[in-house]
Amino acid sequence: VQLQASGGGLVQAGGSLRLSCAASGRPGSTYVMGWFRQAPGKEREFVSRITLNTEVTSYADSVKGRFTISREMGKNTVFLQMNSLWPEDTAVYYCAATTGRRSYSYSEQQKYEYWGQGTQVTVSS
């Protein structure tokens with residue numbers, strides 16, 4: 001499975017961005033897709049995830065109410081709509097996918113077997 005993330009950029013505080021993650025290869029083997037982010041000097045952290053067949057979602061507390069994850073099933077694409085962006089949201093955002101086999105929670109990066117290349121999001125104050 002290959003993941004291609006796009007949609008990052010520079011935005012002012014309070015603005016919005018929409019990230020996309022397109023899966024190719026054997027996307028039917030994936031069960032959950034998610035987004036993580038890594039700010040300079042910090043650990044990679046969970047942002048959100050969606051179970052593809054049920055559309056069950058979860059979010060980190062820091063983005064709840066501001067970010068929305070969704071999927072377009074026919075195109076094996078997942079989106080992250082980010083509203084009311086803060087400078088603290090500045091990070092490289094990575095999409096990830098998992099078959100669900102690994103024994104970790106969905107908020108742990110070790111759960112995910114497949115990773116995209118990352119897209120930079122910069123929020124200016």
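Residues numbered from 1 in each chain as written. Predicted model: local features only at pLDDT ≥ 70, side-chain atom pairs only at ≥ 80, totals over all residues. Heavy atoms only, no water.

Undergrad: Mind showing me how you'd approach empty space enclosed by the protein here?
TA: The tally for this structure, following the rule as stated, stands at one cavity of 30 Å³ or more. In this structure, the largest cavity encloses a volume near 30 Å³. Along the walls of the largest cavity sit Met 33, Leu 52, Arg 71, Glu 72, Met 73, Asn 76, Thr 77 and Val 78, which together make up its complete lining. Looking at the lining of the largest cavity, the elements with two or more residues in it are strand E7 (67-72) and strand E8 (77-82). Considered class by class, the residues forming the lining of the largest cavity number four nonpolar, two polar and two charged. (1 Å grid on protein atoms, 1.4 Å probe; cavity = no way out; pocket = protein on both sides within 12 Å on 5 of 7 lines; lining within 4 Å. Points joined across faces, edges and corners; volume = space filled by probe spheres on them. Helix = DSSP H or I, 4+ residues; strand = E, 2+ residues; numbered from the N terminus. Nonpolar A, V, L, I, M, F, W, Y, C, P; charged D, E, K, R; others polar.)

Undergrad: Honestly, the sheet that holds strand E3 (residues 17-24) in this entry has me stumped. Any pointers?
TA: In any sheet, the strands associate via hydrogen bonds between backbone groups, in a parallel or an antiparallel arrangement. Overall, antiparallel pairing links the four strands, which are arranged E1-E3-E8-E7 in an open sheet. For this open sheet the edge positions go to strand E1 (2-6) and E7, each flanked by a neighbour on one side alone. Each strand axis lies, on average, 15° off the axis of its neighbour in the sheet, ignoring direction. (Pairing = 2+ DSSP bridges. Axes fitted to C-alpha atoms, helices over the stretch in contact; angles between N-to-C directions.)

Undergrad: Please clarify how the side chain of Arg 49 should be interpreted in this entry.
TA: Residue placement: Arg 49 occurs in strand E5 (residues 45-51). One buried charged residue, Arg 49, remains without a salt bridge, the closest side chain of opposite sign being Glu 108 at 11 Å. At a separation of 2.6 Å, a polar atom in the side chain of Arg 49 contacts the side chain of Thr 51. Here Ser 58 takes part through its side chain, which lies 3.1 Å from a polar atom of the side chain of Arg 49. (Buried < 20%, exposed > 50% of the residue type's maximum accessible area, 1.4 Å probe, protein only. Lys, Arg positive; Asp, Glu negative; His and termini not counted. Salt bridge = Lys/Arg side-chain N within 4 Å of Asp/Glu carboxyl O. Polar contact = N/O pair within 3.5 Å; in protein donor to acceptor, adjacent residues only side chain to side chain.)

Undergrad: Whenever I open this one, the nonpolar core confuses me. Can you help?
TA: In globular proteins that are soluble, nonpolar side chains generally tend to be buried together. Ranked by size, the top nonpolar core spans 32 residues in total, and within it Met 33, Trp 35, Phe 67, Leu 80, Met 82 and Tyr 93 carry the most contacts. Here the element with the most residues in this core is strand E9 (residues 91-98); it accounts for five residues. What Met 33 contacts, discounting residues up to four positions off in sequence, is Leu 3, Cys 21, Ala 23, Arg 49, Ile 50, Leu 52, Ile 69, Val 78, Ala 96, Ala 97 and Tyr 112. (Core = buried A, V, L, I, M, F, W, Y, C linked by side-chain atoms within 4.5 Å. Contact = heavy atoms within 4.5 Å.)

Undergrad: Help me understand the pattern of salt bridges in this model?
TA: Side chains carrying opposite charge are able to pair once their charged atoms draw close together. Tallying each qualifying case throughout the model produces five salt bridges. A salt bridge links Glu 45 to Arg 37, with the nearest nitrogen and oxygen atoms 2.6 Å apart. Judged by its relative accessible area of 35%, Glu 45 is partly exposed. Asp 89 is the salt-bridge partner of Arg 37, the closest N and O atoms lying 2.9 Å from each other. Linking Arg 37 in strand E4 (residues 32-38) with Asp 89 in the loop between E8 and E9, this pair joins segments that are 52 residues apart in sequence. Per residue, the accessibility class of Arg 37 equals that of Asp 89, and both read buried. The network of salt bridges with shared partners includes Arg 37, Glu 45, Arg 66 and Asp 89.

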